[in-house]
Structures are given as C-alpha cells and as structure tokens.
Amino acid sequence: GSPAAGGCGAGRGRQALERRRPWLHPRSNPVDIRRPRLPPRSNPVEICRWRGERRQVRRVRRTNKTRCPCVIKVRLSPDGDKFVVKEMIESHNHTIQEVERERRPHQRRFDKAAQNNRADITESLGNTAEQGIQQEDNPRDNRTTWKMNQTNLEKMVPALASVKDGNVVVVVSKANVLQAIYFQDNIMKQTFEKFPEVLLLDFVHRWEDLWLPTFLLLGIDGNGESELVCLWFMQNKERETIKQLLRIFKQKNPAAERIQTVMCSGRPYCGEVVAEVLPQSKLITCLFHTLHTFQTDITTDKLHVTVGQQNLLLEILHNMCYAASAEEYDLLYHQLLDTNTQRAIDYFHQNWHESRSQWVEGFKHESESYLISTINRVEQLGQKLQAAMGKFTDSATFVQGLLKAVESLRTECDHRTVRMFQKPSFVALEASSSASAYFSLLTGFAFSRVQRELEEAQWVTFLSVDGEQAQPVSRRRGVVTGQSSCQCAFHSSMRLPCRHILAFRQLRGTDLFEPTLCSPRWTREHYLRNHPVFRIISETPAAEPAPVPPQQPESPKEETTPMQQEQYHQAFKVAQKLSVLAAKCPTEEFDSCLAVLTAVTNIWARGGQVQVNEINVTHRKEETPSASDDMQSDGVHQN
C-alpha cells in the first residue's frame with residue numbers, strides 16, 4: 001500500500017501493542033509499575049494504623065483510614081549504638097477505644113515481675129494448653145494428655161498400700177499438701193540389701209498420656225542385671241522434696257551406708273542433695289547429659305564468642321570428658337586457658353573445674369562404678385515399663401498397670417538368672433585352664449569381662465619391672481601393677497583381675513587363677529545365695545511327690561565322638577531304608593522280616609556278631625538287577 005496507509009497501519013499496530021504490553025515501552029506508560037527500590041539504610045518509622053498511606057499503584061478502596069497524623073520517626077546515632085527520636089507526633093484525629101486496643105497484639109516479652117516467677121508462668125501456660133486440647137485433636141488415640149493433680153496423686157496411695165509387703169510413705173508440705181509418694185516392696189529391699197554398691201537414679205517425666213515425674217532408683221546385681229530398688233512419685237521436682245525422699249530411702253534401707261557410687265543425670269540440685277544425705281558415696285554424672293549441657297551453654301550469645309571460638313571450646317571440653325588421666329586433663333585445661341575467652345574460662349571455673357572428679361571419665365572410675373558412664377539403664381527400664389503397662393484411664397488403673405509391668409520385667413530377669421545355672425555353656429574351654437576356673441567361679445556377666453582381659457593379657461608390655469611391682473604401657477600414665485592390685489580403671493571399677501595383673505602374674509610364673517582377685521558379689525555362690533528368686537524357691541514348701549510308676553533304669557548317656565556321630569548318620573540312612581523295604585513286604589511275610597530285624601538288634605546289643613545268608617531269592621524275567629541288588633554283604637552268599 002501507500003506510505004501513508006502503511007504509516008497509519010504501523011501506528012495503530014504499535015499503539016495496540018503498547019496497550020497489550022505496556023512494560024515493553026516504559027516511556028508510553030504514564031505510571032511506572034516497577035517496585036521502587038528502598039534505600040539500603042532507611043530509618044524506621046512508626047505510624048498510626050489509621051494513617052492510611054497507600055502506594056499509587058494500588059487501587060483506592062473504601063476503608064476506615066483517616067490519615068491520622070500520629071507518627072514516630074527514629075534513626076541511628078552516629079556511633080550506631082542507639083536510636084535517636086527524630087520526630088514524634090502524639091495527636092490523633094480519631095477516637096481511641098480501649099476495648100478495641102485490648103484486642104490488638106501487645107509485646108511478647110514478660111515484664112520483670114513475670115520473669116521472676118517463670119515456674120508459675122510455665123505451669124499456667126501448660127494448664128491453658130491442656131484445657132484447649134480437644135478429644136478429637138488426637139487421631140491416634142481418643143484420650144488426651146492429662147496432668148496428675150493433687151486428687152489423683154492421693155488416689156494412688158490405697159492402690160500402692162494394698163501391695164503385699166509393700167512400704168508406702170507420703171511426703172506432705174507444711175500446709176499438709178501431698179507432695180510425693182515413696183514406694184518399695186520387699187523384693188526391692190532385699191535386692192538392694194545384697195547389691196548396694198552402685199545406685200542409679202533419674203526421672204521419667206511422663207507415662208504415655210500422663211504427666212507424672214517419677215524417680216526410678218536402680219541397682220546392679222551380681223550378673224550385671226538392672227534391678228529396680230525404689231519408686232518415687234512426685235507432684236513437683238523441688239530440691240526439698242527430693243532431699244526428703246532420699247532421707248526416707250536411707251532410713252528404710254540400712255544398706256545405704258554401703259553405697260560406693262551414685263550416678264544421676266547431672267541436675268544441679270541432685271548432686272547437692274546426694275552429697276548432703278549420702279556423704280560417704282561418690283557422685284558421678286551421666287556422660288551424655290554432661291556433653292548436652294556443654295552444647296547448650298557454650299554458645300555465641302551466652303559467652304560472646306565467635307563461631308570459631310565456640311567450636312574450639314566445644315572440642316576441648318569434649319576431649320576433657322574422655323580424659324583418661326590427670327596429665328591429659330591438665331594438658332587440655334591449659335589449652336582452654338590459651339583460648340583467652342574470659343567468659344568461657346569463668347564459666348568453666350565456676351561450674352566444672354572443682355567437680356572434675358564427677359564428670360571426667362578417668363576420674364569417675366577410680367571407685368567402684370562398674371565402668372558405667374551413662375544412665376541409659378534407667379532410660380531403658382522406663383521405656384520397657386511404658387511398653388508393658390498398656391492403656392490406663394485413671395490413677396488406679398495406672399498403678400495396677402505399673403505394678404504388673406514391674407512384675408513382668410522382674411520375671412524375665414529371674415528367668416535369665418535361672419537359665420544361667422541350668423543351661424549348659426557352649427564356651428569351648430580347656431578343662432585345666434585358668435579361664436575354665438574363672439568360669440566356674442564367676443557369673444556370666446563377670447566372666448565375659450575377665451575372659452576379655454585374659455585374651456588381652458598376652459599383648460601387655462611393661463616399661464619397667466621392679467621386684468613385686470611393674471609399670472605397664474597404658475593410656476593412663478603412672479599406673480603401677482602388682483600380682484594382686486592395679487591402679488587401672490578396670491580393676492578399680494570392676495573389682496576383677498585386669499590384663500595388667502594377669503600379664504604380671506604370667507611374667508612371674510604365678511598361676512593366673514586367684515579367687516581373691518574377684519569381688520564376692522561377682523561369684524556364683526554369692527549370687528545363688530542372695531538373689532531373691534532362689535530365696536523364693538528355697539522358702540516355698542515342697543509339695544508331696546505324686547506316685548510314679550516303676551520304670552526300667554536307663555543307662556547313662558555317654559559322650560559321643562565325632563567319628564561315632566558320623567557312623568551313626570551312615571547307619572541311620574541304612575536303617576531308614578530297611579524300614580521302607582519292610583513296610584513294602586506282603587502281610588504274611590512282614591512278621592518274619594520284623595523278627596529278623598529284632599534278632600539282629602538283640603545280637604548286636606549283646607555284643608555278638610551276625611552273619612547274613614541270602615535264601616529263596618527269585619527274580620522276574622522282566623526285571624533287571626539294579627545296582628543296589630549287587631551290594632556286597634558280609635558272610636556267605638548262597639543262591
């Protein structure tokens with residue numbers, strides 16, 4: 001077409017394109033729809049919610065905004081440490097309604113009065129949350145989480161008191177309010193009386209849907225089994241309540257004076273209470289809880305350190321936990337001082353340095369602790385009890401389920417104990433070896449530890465030997481070993497012969513087996529005499545035996561050799577084939593075949609010899625003799 005026509009067409013097309021895609025032609029767009037950039041360091045501005053400022057790009061809608069002039073403008077000070085109020089207008093052009101203001105969100109930080117009473121705040125928030133939970137909110141179970149209140153805790157007392165030979169003590173406050181329940185039955189008391197050296201205690205905070213702090217007290221018997229020795233049901237976890245319960249435990253159990261080591265989770269008040277009530281025992285803390293406490297306290301915010309310094313501090317403290325000797329601890333301690341982090345050093349001196357004998361592995365096992373580093377035994381027992389309890393709806397059914405679970409776990413432990421004495425061992429040991437002698441002396445748990453030390457004794461080397469003492473090569477420096485004592489952690493903690501003692505006795509040509517090296521608590525005789533399950537068996541009156549019909553005396557079974565076992569398998573295959581052939585015999589010939597087999601059996605039983613003669617044998621013409629028919633037989637063959 002003509003240029004004019006072409007120009008008109010091109011202009012109309014360009015205008016249409018601009019209407020459809022205005023972002024391609026910003027000059028033709030009267031309003032820039034691109035989002036304006038904010039300055040990198042803008043000053044904060046607080047305005048009234050009724051001010052009503054809007055961007056031009058948004059469509060103006062009818063709203064309650066009245067462009068209120070109230071505003072507060074602040075900016076940073078030149079040094080960057082404070083905010084400076086630049087402008088503040090407090091007047092409003094609308095009415096302020098208190099009811100509406102109360103519905104608006106307030107600041108979340110608690111005031112000083114609320115911060116001083118965090119326990120009440122936590123409890124009130126927990127109660128509010130529990131009241132707000134509806135029954136249909138839990139699709140897994142129709143029951144909801146409920147907290148053991150004062151009334152429900154009192155209802156537990158009659159159910160616990162109904163236990164035969166049970167000991168129930170209630171702890172009340174000065175206002176006569178029930179705070180805790182102490183429970184221990186006769187079997188728990190007997191077990192602790194015979195094995196009181198090590199005591200483990202920790203909390204179980206909740207049972208399924210029931211929030212009830214419960215203290216589990218555990219002991220270690222002669223076979224390494226965890227035995228429940230006491231239960232504390234508590235309304236709260238206050239220091240005075242735990243102290244009172246521990247005093248009751250000491251009063252009810254005279255064997256508490258023989259406690260050597262007490263392990264707890266590392267709560268601050270637990271250590272103080274144990275040191276006050278049981279001063280003769282050594283307190284050690286759980287390794288896992290110690291490491292977790294370090295991970296929680298050593299942070300950049302609390303100690304004002306960098307991330308690199310935080311990682312370095314955690315590494316040093318982690319290695320301190322596993323220090324095997326005083327020299328290794330001192331080396332790590334000087335590394336901590338070289339970090340020049342004053343807040344971390346003050347924190348360590350204030351909380352950990354003076355109590356290093358409680359949480360450093362090399363110092364924890366200087367007394368009788370059986371090489372236990374954590375309270376996993378208590379946690380595992382709590383999980384087993386929860387799994388065996390089943391469902392419960394109130395305090396009465398909770399007590400019934402808990403007592404049944406305790407009895408069930410106790411039966412399983414007794415079953416393992418009885419099997420240790422009744423079931424023969426499959427351990428291949430030489431009859432005259434020291435390992436066989438230790439096996440006859442010790443329980444299964446103790447022998448497994450000694451057997452490993454016997455295997456490692458052949459690899460022990462000594463730095464020096466001076467008369468009746470020697471210094472072995474060990475991670476713990478300065479260990480001195482004799483023929484009956486050693487300063488290593490195994491011998492000090494387990495009261496069993498260690499690899500150093502065994503190696504030194506072997507070097508001196510002394511017998512490796514020495515019963516006095518083993519603590520009596522690990523012997524089979526002590527375990528058999530003092531375990532409750534054997535006491536119950538011995539105290540149960542024997543019933544009159546029922547008349548037994550006379551039987552022929554059986555010949556004693558003799559031990560078979562591998563050659564005899566192989567011969568038995570071969571003879572059994574042949575005898576099985578004879579049974580199949582005898583079953584295929586005609587009815588009139590079966591009695592004679594059975595008589596032949598019986599005669600052969602009787603002759604061999606008397607020690608005689610048998611000669612076989614083949615008689616009256618005819619073959620069918622259509623049949624061909626098989627390979628089995630050509631078997632050679634001892635004796636004379638006649639056709």
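A few points on the structure. (Residues numbered from 1 in each chain as written. Predicted model: local features only at pLDDT ≥ 70, side-chain atom pairs only at ≥ 80, totals over all residues. Heavy atoms only, no water.)

**Side note on unusual backbone geometry**
Where we set the bar: Strands here are runs of E lasting at least two residues and helices are runs of H or I lasting at least four, both read from the DSSP assignment and numbered beginning at the N terminus. Under the scheme applied here, a residue whose accessible area is under 20% of the maximum for its type counts as buried, over 50% as exposed, and between as partly exposed, the area being computed with a 1.4 Å probe on protein chains only.
Residues other than glycine seldom take positive phi values, yet Asn-340 does so here, at roughly 60°. Along the chain, Asn-340 turns up in the loop between α12 (326-338) and α13 (342-351). The class for Asn-340 is exposed, based on a relative accessible area of 66%. For Tyr-370, which is not glycine, the phi torsion reads 60° and is therefore positive.

**Some thoughts on α12**
Here is the rule: Every helix has an expected span of 1.5 Å times one less than the residues it contains. This arc is taken over the directions from the axis of the helix to the C-beta atoms. Two residues qualify as a contact provided that any one of their heavy atoms is within 4.5 Å of a heavy atom in the partner residue.
The end-to-end C-alpha distance of α12, which contains 13 residues, comes to 18 Å, matching closely the 18 Å that a straight helix rising 1.5 Å per residue would cover. When α12 is considered as a whole, its buried residues turn out to be Tyr-329, Leu-332, Tyr-333 and Leu-336. All buried residues of α12 project into a common sector of 105° when viewed along the axis, lining one side. Every exposed residue of α12 that faces more than 90 degrees away from the buried side is listed here: Leu-331 and Asp-338. Of the surrounding elements, those touching the buried residues of α12 are α11 (307-321), α13, α14 (356-359) and α15 (361-364). Directly after α12, the chain includes Asn-340, whose backbone phi takes a positive value near 60°.

**A word on the packing of helix α9 (residues 287-297) against α11**
Just so we agree on the cut-off: Lines fitted to C-alpha atoms define the axes here, with helix axes fitted over just the stretch in contact, and angles between the N-to-C directions of these axes take values from 0 to 180 degrees. In these notes the angle categories are as follows: under 35 degrees is roughly parallel, over 145 is roughly antiparallel, 65 to 115 is roughly perpendicular, and the rest is oblique. Handedness of a helix crossing follows the sense of rotation of the near helix relative to the far helix, less than a right angle counterclockwise being left-handed and clockwise being right-handed. Residues were grouped as follows: Ala, Val, Leu, Ile, Met, Phe, Trp, Tyr, Cys and Pro as nonpolar; Asp, Glu, Lys and Arg as charged; and all remaining residues, including Gly, as polar.
Interaxial distance between α9 and α11 falls to 10 Å at its minimum, and their mutual angle equals 165°. Between α9 and α11, the crossing angle belongs to the class labelled roughly antiparallel. The interaxial crossing formed by α9 with α11 has right-handed handedness. The segment α9 lies against α11, with Leu-287, Thr-290, Leu-291, Phe-294 and Gln-295 engaging Leu-314, Leu-317, His-318 and Cys-321. Taken together, the residues that form the contact of α9 with α11 break down as six nonpolar, three polar and no charged.

**Notes on the nonpolar core**
Basically, it comes down to this: By nonpolar core is meant a set of buried Ala, Val, Leu, Ile, Met, Phe, Trp, Tyr and Cys residues that side-chain atoms within 4.5 Å join together.
Counting residues in hydrophobic clusters, the biggest one holds 60 residues, and the most contacted among them are Trp-207, Phe-233, Phe-398, Leu-402, Tyr-438, Leu-442 and Leu-496. Non-local contacts of Phe-398, meaning those with residues more than four positions away in its chain, are made with Met-156, Trp-207, Leu-210, Leu-212, Phe-233, Met-389 and Phe-392. Counting 31 residues, the second largest nonpolar core, distinct from the first, contains Leu-201, Ala-256, Cys-264 and Leu-283.

**Description of the pattern of salt bridges**
Opposite charge on two side chains makes pairing possible when the charged atoms of those side chains draw close. Test applied: A carboxyl oxygen of Asp or Glu within 4 Å of a side-chain nitrogen of Lys or Arg is what we treat as a salt bridge.
Counting across every chain of the model gives 18 salt bridges. The shortest N-O distance in the salt bridge between Lys-73 and Glu-87 comes to 3.5 Å. Here Glu-87 lies in strand β3 (residues 83-89) and Lys-73 lies in strand β2 (residues 71-76), a separation of 14 residues in the sequence. Classification of Glu-87 as partly exposed rests on a relative accessible area of 33%. Connected through shared salt-bridge partners, Arg-239, Glu-240, Lys-243, Arg-247, Glu-272 and Glu-276 make up one network.

**Looking at the packing of aromatic side chains**
Stated precisely, the cut-off is as follows: Only centres within 6.5 Å qualify two rings of Phe, Tyr or Trp (six-membered ring in Trp) as a pair; their planes then separate them into stacked at under 30 degrees, edge-to-face at over 60, and tilted for everything else. Note on geometry: a ring has a charge over it if NZ (lysine) or CZ (arginine) is within 6 Å of the ring centre and within 35 degrees of the ring normal.
Enumeration according to the criterion identifies 19 aromatic pairs in this entry. On the numbers, 6.2 Å between centres and 90° between planes, the contact of Phe-348 with Trp-359 is edge-to-face. Here Phe-348 is found in helix α13, whereas its partner Trp-359 is found in helix α14, with eleven residues between them in sequence. The exposure class assigned to Phe-348 is buried, which follows from its relative accessible area of 2%. Ring plane angle 40° and centroid distance 5.6 Å describe the contact between Phe-445 and Trp-522, whose orientation is recorded as tilted. With Phe-445 in helix α19 (residues 444-457) and Trp-522 in the loop between α21 (499-507) and α22 (524-530), the pair connects residues that are 77 residues apart, well separated along the chain. For Trp-522, a relative accessible area of 0% corresponds to the buried category. Taken together, Phe-294, Tyr-329, Tyr-333, Phe-348, Trp-352, Trp-359 and Phe-363 form an aromatic cluster joined through their ring pairs. Positioned over the ring face of Phe-203 is Lys-237, at 5.4 Å from the centre of the ring. One Lys or Arg, Arg-524, reaches over the ring of Phe-439 and ends 5.2 Å from the middle of that ring.

**What about the pairing of strand β13 (residues 469-472)?**
Threshold: Pairing between strands is defined by DSSP: at least two bridges between them are needed.
In β13, alternate side chains face the same way, and those of Ala-470 and Pro-472 are buried while those of Gln-469 and Gln-471 on the opposite face are not. Count of turn residues in the strand β12 (residues 462-466)/β13 antiparallel hairpin: two residues, of which Gly-467 carries a positive phi of about 65°.

**Let's talk about the packing of α12 against α13**
Two elements in contact, α12 and α13, have axes whose closest approach is 9 Å; the angle formed by their N-to-C orientations is 140°. By the angle between their directions, the pair α12 and α13 is classed as oblique. Within the contact between the two elements, α12 uses Tyr-329, Tyr-333, Leu-336 and Leu-337 and α13 uses Ile-345, Phe-348 and His-349. In the contact of α12 with α13, the residues fall into six nonpolar, one polar and no charged.

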